[in-house]
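# Coordinate analysis (summary)
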There are 2 protein chains.
Amino acid sequence: MTLTRRAMLAQLGYLGSAGASLAALQSLGVLSPGSAKAAGFSLPPGSGSGKKVVVLGAGIAGLVSAYQLAKAGFDVTVLEARQRVGGRVWTIRGQDPIIQKNRPPQAANFAAGNYMNAGAARIPSSHEAILGYAKRFGVALEPYLNTNRSTGWDFGGKVYRERQMVFDMHGRIAEYLSGAMGKGALDAVMPKAERDAFRQFIGFWGGLDDKGVYGPNSSSGFTQWPGGYDTPGIAVEPLTMKQLLPGRAIALPYVFEAINDMQATMLQPVGGMDRIAAAIYEQVKPLVRLGVPVTAIRREGAGVRIEHAGGSTIADFAVVTLPGHLLDRIPNDFSPAKKKALKGIPYLPSAKVGFDAPRFWEDEGIYGGNAWTDRLNENVMYPSAGIGRERGVLIGAYVAGWTGRNNPQEFVAKPIAEQIAISRGSVEALHPGKSRLLGPGVAVNWGQVEYSEGVGAIGDDFGERKRGARYDELLRPEGPIVFAGEHLSYVGLWQEGAALSAHHAIELVHQMASA
Amino acid sequence: MTLTRRAMLAQLGYLGSAGASLAALQSLGVLSPGSAKAAGFSLPPGSGSGKKVVVLGAGIAGLVSAYQLAKAGFDVTVLEARQRVGGRVWTIRGQDPIIQKNRPPQAANFAAGNYMNAGAARIPSSHEAILGYAKRFGVALEPYLNTNRSTGWDFGGKVYRERQMVFDMHGRIAEYLSGAMGKGALDAVMPKAERDAFRQFIGFWGGLDDKGVYGPNSSSGFTQWPGGYDTPGIAVEPLTMKQLLPGRAIALPYVFEAINDMQATMLQPVGGMDRIAAAIYEQVKPLVRLGVPVTAIRREGAGVRIEHAGGSTIADFAVVTLPGHLLDRIPNDFSPAKKKALKGIPYLPSAKVGFDAPRFWEDEGIYGGNAWTDRLNENVMYPSAGIGRERGVLIGAYVAGWTGRNNPQEFVAKPIAEQIAISRGSVEALHPGKSRLLGPGVAVNWGQVEYSEGVGAIGDDFGERKRGARYDELLRPEGPIVFAGEHLSYVGLWQEGAALSAHHAIELVHQMASA
């Protein structure tokens, strides 16, 4: 939303503990972005003329850098600490192990074909860079269902369907405004003809009767659904404002669909979010060394020397795509200014819990979308893929500070078993009697995932409005060393930001190599 | 929406020519329904004990009747006038011919795999009966994208994106209400604590600043999209109320997504809407006689005699699923009351225009959803299926009275070539320079489609509120003859209504057969 909305949120205390939650909102797109025209990005062909570049990290920023640099004629090596590419794009399948620091090891228990996108899970249609790579490499896309009026909102211990909350809220807003207009509240604001047209519109928009009163509204659902042979629908009784606003935690669900990066149409790759990273990896596979953590970043002559497990790599240039807070811990020859800028960058330790289960939610008419709750799990997410199949993976928690409480910190302080139990309890509240159908469940705590330790940089230095000196410093090359990653873009916590920042970083490499 | 909203619409003149447009809104779901629990419907097995039933019509109502009756042990014959099943579920593919009364013959020009759902095109997730048949017969379903914030709204000669119209409208509504509250407009309505919480919420919901003012809002889009490396987003300037409400025609687009039957999640069969009818047909194929128009419906003894092309069929019972206005023209032995009730039932003559084209809209970030316009074509619909494929069918017009002008009558009064030209012009306004990429285009005018002559019954006798004596009479069996079809349900103009009415009709057959 707007800068001012963000300030207002903090001021009003809508976000509870402002530190954690502002950050969470910001990083999850409330305050973040779309993209520039970037689908067709390329460096000039042959411009690399064999100069050597080492790329640190094989997440989206690293893979994009490697692909584009190699295509332009650079001699590229990618060093990736993990045994897989993708970074915070992590799709868990089958019996995949989930190893986290200070957490017991887990293994997924997912039926064949089922998966859980533990990290990145959705792509707005405005993210042209990442969608451009999907298209370029033939990655099939399908709709990601980010809004569903049939899901439940479980706040203050009561569950209502989203359609009732959203459309009764519209109705109440219209009723209040129409009433105020009837008493002349807008007489000074608009000329009469415009005012009359607007008041008529408001009645239509909110579903008011001809006296401006809001009553049972079919938009909000039915107690008796319209049927065959003499069965008119009976609409639900409207909720009161107290029922619609039981507390501050419910504010975000009402505006979630308005967040620019969360608006329809959203997309996902068929088969799991990692399909895009995998497709770029296919292009550069021989260049990528997996299982090679970097231990030091050194300048050597006009170039760089990267020390790592099993030796070191010399190159003319380096593209460093590691998260800022992890980079801070790697011995380096950076300037004092850069070292200072890298100190203490906060990263969001969000968490997800996934359960393989038969699709009982589809039997209740729920296909995709999100349920919301003021419980600690915050979110239940229904799979958009595989509609009609027997089983799917239900996300029982996506904890990121959505509801303004001290989350994800409060949630991830619980043992894994309790995180799963909380999620199971929330599913039970939304689907009474059904939580017994859930598989054992796995919990990913991003703060404990080695080589990530969070899903993205948060805080004022990484917000949506024009950033300050720290951010400027982080963008600045260190001689032949350039930097990329979502935290260096204004599309923070999205694959798009990683790809766009990589485009900028390798432009710098190109310029230096051509100079 | 609500009964009262309907009344208000008429009163306010929001619907222009009230006759046509009220009817259109009603019939397209503004005033119509969802469904009762019906996914598992069955008659008692073996209860038919070989009694003979003739089913008139192989649309959804006829196919469902035939399937269920045969499964229960009845001896079923279906008479269908056309050479295809499905009725108003009509998926046009490849070079399919389009033959209409008083219209030149057309042929589709669609690339392999592309199709146009000329009639039924979407299924709300609440339509349990039709979704139940899809599931029962293994018809694969996929999301139908009915809302997309990236589409254009072309009113008063100006095109804005839906996200700007919808979220600027929210912002303006919030701004007016917050301002009125600041002057005490709700002081008498809510206690202070509740009022303060609500006013805070309204600011959040609308994106207001801390003075209650609405300014540039990222929900509404950007003039500069947030990017990589020091590129903060610059949100669009907010529109004025005059720009947001240039005329009455724009009212429906604002509430379209609130219509119960249009709410996310919507679904469609993979490969075309006719896949469900085709799957039921597979179950009863040997029972269905195609190309057999009925010429008379006669009582004979305790049973019926159906006269038709090539002879007559004798049976113990008949299930008549023909549209009311066509049934009226078939000689019959019905009671005077029934004959009277069948006189003059109005049917909606809606129209669609389809173009095969390369997916230029996806290059602009548009995947599925509807554009809206006050031009005569009213609607442009982007395909939800086949995202990322080279070509798709763009619906350049779906004319049904959505925007309150004298449509579809005004549109369908034009020659087919002009209907296509109008649609092409609308696509050009939404996508400058791109209409040249559209294929030749085909127009389906449902009022001229033989054996349909409209897409469904409209008018007060077929509205959402408790219906009157005419409807009651149409439901009443004529001895061994029972009636089904969308017009006899409260889910008018939907496959769901056809299926649910069939369930009721064959229950009557079952009861009579068991008596």
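Residues numbered from 1 in each chain as written. Chains lettered and ligands numbered in written order. Predicted model: local features only at pLDDT ≥ 70, side-chain atom pairs only at ≥ 80, totals over all residues. Heavy atoms only, no water.

## Considerations on the relation of the copies chain B and chain A
For the pair chain B and chain A, the relating rotation is 180°, the translation along its axis is 0.0 Å, and the fit reaches an RMSD of 0.0 Å. Classification of the inter-copy transformation places it as that of a two-fold axis. Scanning chain B for the C-alpha nearest the rotation axis identifies Leu177 of chain B, at a separation of 2.8 Å. (Least-squares fit on C-alpha atoms with pLDDT ≥ 70 in both.)

## What about the sheet that holds strand β1 (residues 52-56) of chain B?
Residues and elements named next belong to chain B. If you walk across this open sheet you meet the 5 strands as β14-β2-β1-β18-β24, and the pairing is parallel. A single partner strand is all that each edge strand has here, and the edge strands are β14 (288-289) and β24 (481-483). Sheet topology note: the β1/strand β18 (residues 317-320) ladder contains 4 bridges and is parallel. Along β18, the bridge assignment pairs Leu56 with Val320. Sheet strands touched by helix α16 (residues 495-514): β1, β18 and β24. Its angle to β18, the strand with the most contacts, is close to 170°. (Pairing = 2+ DSSP bridges. Helix = DSSP H or I, 4+ residues; strand = E, 2+ residues; numbered from the N terminus. Contact = heavy atoms within 4.5 Å. Axes fitted to C-alpha atoms, helices over the stretch in contact; angles between N-to-C directions.)

## Let's talk about the sheet that holds strand β15 (residues 294-300) of chain A
Residues and elements named next belong to chain A. An order of β15-β16-β17 is seen for the 3 strands of this open sheet, with the pairing classed as antiparallel. The open sheet has two edge strands with one neighbour each: β15 and β17 (311-315). Put simply, the sheet's adjacent strands are angled 20° from each other on average, direction ignored. Where β15 and strand β16 (residues 303-308) come together, 6 bridges link them in antiparallel fashion. By the bridge assignment for β16, Ala296 is matched with Glu307.

## Brief notes about the interface of chain B and chain A
On the chain A side, the residues contacting the 102 residues of chain B number 102 residues. If you sort the residues of chain B by the area they bury against chain A, Phe201, Phe204 and Tyr229 of chain B come out on top, with a joint share of 10%. Our enumeration of links across chain B and chain A arrives at 6 salt bridges. When the shortest N-O distance is used, the salt bridge between Lys135 of chain A and Asp363 of chain B registers 2.9 Å. Across the contact surface, chain B and chain A share 30 residue pairs in polar contact (both at pLDDT 80 or more). Among the elements that take part in the side of chain B that touches chain A, helix α6 (residues 192-206) of chain B stands out by supplying 10 residues, more than any other. Residues of the side of chain B that touches chain A, tallied by class, amount to 56 nonpolar, 29 polar and 17 charged. (Buried area = accessible area lost by both parts, 1.4 Å probe. Salt bridge = Lys/Arg side-chain N within 4 Å of Asp/Glu carboxyl O. Polar contact = N/O pair within 3.5 Å; in protein donor to acceptor, adjacent residues only side chain to side chain. Nonpolar A, V, L, I, M, F, W, Y, C, P; charged D, E, K, R; others polar.)

## Focus on the side chain of Asp209 of chain B
Residue and element names in this part refer to chain B. In this structure, Asp209 sits in the loop between α6 and β11 (222-224). Nearest to the buried, unbridged Asp209 among oppositely charged side chains is Lys211, at 5.9 Å. In terms of polar contacts, Asp209 uses its side chain to reach the backbone amide nitrogen of Lys211, at 2.8 Å. (Buried < 20%, exposed > 50% of the residue type's maximum accessible area, 1.4 Å probe, protein only. Lys, Arg positive; Asp, Glu negative; His and termini not counted.)

## Comments concerning the packing of helix α3 (residues 60-71) of chain A against helix α9 (residues 274-284) of chain A
Residues and elements named next belong to chain A. In the contact formed by α3 and α9, the axes pass within 9 Å of each other and the chain directions differ by 35°. α3 and α9 meet at a crossing whose hand is left-handed. Residues Ile60, Leu63, Val64, Ala66 and Tyr67 of α3 pack against Ala277, Ile280, Tyr281, Gln283 and Val284 of α9. Grouping the constituent residues of the contact of α3 with α9 by class yields 9 nonpolar, 1 polar and no charged. (Left-handed = near helix turned anticlockwise from the far one by under 90°.)

## Quick word on the nonpolar core
Ranked by internal contacts, the top residues of the largest apolar core, which has 282 residues, are Phe198 of chain A together with Phe198 of chain B. If we skip the residues at most four places from it in the chain, Phe198 of chain B touches Met169, Ile173, Tyr176, Met241 and Leu245 of chain A together with Leu177, Met181, Leu186 and Met190 of chain B. (Core = buried A, V, L, I, M, F, W, Y, C linked by side-chain atoms within 4.5 Å.)

## Looking at the packing of aromatic side chains
As enumerated under the stated definition, the model contains 33 aromatic pairs over all chains in all. Residues Tyr176 of chain A and Phe198 of chain B carry aromatic rings whose centres are separated by 5.2 Å and whose planes lie at 65° to one another, so their mutual orientation is edge-to-face. Placement of the pair is Tyr176 of chain A in helix α5 (residues 162-182) and Phe198 of chain B in helix α6, with the two residues belonging to separate chains. The residues Tyr176 of chain A and Phe198 of chain B share a single accessibility class, namely buried. Among the aromatic residues, those joined into a cluster by ring pairs are Phe256, Trp372, Tyr398 and Trp402 of chain A. The positively charged end of Lys352 of chain A is found above the aromatic ring belonging to Tyr398 of chain A, 4.8 Å away from the centroid. (Phe/Tyr/Trp six-rings, centres within 6.5 Å; stacked < 30°, edge-to-face > 60°. Lys NZ or Arg CZ within 6 Å of the ring centre and 35° of its normal.)

## Details of the packing of helix α4 (residues 128-136) of chain B against α16 of chain B
Residue and element names in this part refer to chain B. It is at 7 Å that the axes of α4 and α16 come closest, and there the two elements cross at 90°. What the angle tells us is that α4 and α16 run roughly perpendicular. Of the residues in α16, those touching α4 at Glu128, Ala129, Ile130 and Tyr133 are Gln495, Glu496, Ala499, Leu500 and His503. Broken down by class, the residue content of the contact of α4 with α16 amounts to 5 nonpolar, 2 polar and 2 charged. (Parallel < 35°, antiparallel > 145°, perpendicular 65-115°, else oblique.)

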